[in-house]
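# Close look at the chain arrangement
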Amino acid sequence: ERPITLSGHLSYDLQSPSYWQNHYFSNHFVWENNFERQNITQLSVTLDVPFTGTRLTFNQALVGNPIYYGYDAMPAQTMGIESVTGLLVEQNFNIGGLHLDHKLLFQRSSSDIFPLPTWAANISYYYVFQPVKNVLTMKVGLDCWANTPYYAQDYNPALMTFHNQNHTRVGNYPYANVFVTAKWKTVRIFVQYQHANEGLLDNYKDAFSVPFYPYNRALIKYGVC
């Protein structure tokens, strides 16, 4: 009843450049381009082993004539094929109501056109229980994300776009949230202490999602739906 499965997905997209990638005029940026269409071929293969809580996913993307925003924030196109490869390993453990979920992603691009961290990880540890059986279900846990340093894309407010940069590396900083969720019949409630590890690590100066844009300060979020 819990078979090992091997599944795959293959897609091909042919995309025309947007109007703004070809034509733009403002106080700070002006360009007139005649970009070719870019084509994207994507292959995904997943091996799922449910009785061990293991899942392996291999992704391969081939992008022909990619359009991107360069170091000068201007759109550019490279004629040829660039590739992006990724391998996602998921390993989950369940011990009664205790859930230990792990994700580890390895990825590599063929050039600096697509900047990516080499490794990225996510762990989610939580406990599920019912204080009132069949009426109230609660979940208490911790989520944490981290990735290796890389030249993340910079944001340009004048263009409202992200572009490549080679001056600032971000990463190597874990970002953690502590949460409590509850389901009372049809009502859902959540309380989350976001960026719970703020100020606890020596490398707090590295707490940036993109260059010059730090993570939010520690705060509490809550909601009812």
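Our subject is the structure that appears above.
Residues numbered from 1 in each chain as written. Predicted model: local features only at pLDDT ≥ 70, side-chain atom pairs only at ≥ 80, totals over all residues. Heavy atoms only, no water.

## Examining the pairing of strand E9 (residues 98-109)
Note that strand E8 (residues 81-95) and E9 share 12 bridges and pair antiparallel. Paired with Phe 93 across the strands is Leu 100, a residue of E9. In textbook terms, the turn of a hairpin is the stretch between consecutive antiparallel strands, and for E8 and E9 this stretch comprises 2 residues, one of which, Gly 96, has a positive phi near 65°. As paired strands, E9 and strand E10 (residues 119-132) are joined by 9 bridges and run antiparallel to one another. Across the sheet, the residue bridging to Leu 104 is Ala 121, located in E10. (Pairing = 2+ DSSP bridges. Helix = DSSP H or I, 4+ residues; strand = E, 2+ residues; numbered from the N terminus.)

## Quick word on the packing of aromatic side chains
With the rule as written, the count across this model stands at 10 aromatic pairs. Both rings, one in Tyr 19 and one in Trp 20, keep their centres 5.3 Å apart while their planes meet at 85°; by these two values the pair is edge-to-face. Using a relative accessible area of 55% as the deciding quantity, one classes Tyr 19 as exposed. With relative accessibility at 55%, the residue Trp 20 sits in the exposed group. An angle of 55° between the planes, with centres 5.1 Å apart, marks the rings of Tyr 155 and Phe 162 as tilted. On the basis of relative accessibility, which here comes to 40%, the residue Phe 162 falls in the partly exposed class. Here the guanidinium or amino end of Lys 139 rests over the ring plane of Tyr 126, the centre of that ring lying 4.8 Å away. The lysine or arginine in question, Arg 169, covers the ring of Tyr 151, its NZ or CZ lying 5.3 Å from the ring centre. (Phe/Tyr/Trp six-rings, centres within 6.5 Å; stacked < 30°, edge-to-face > 60°. Buried < 20%, exposed > 50% of the residue type's maximum accessible area, 1.4 Å probe, protein only. Lys NZ or Arg CZ within 6 Å of the ring centre and 35° of its normal.)

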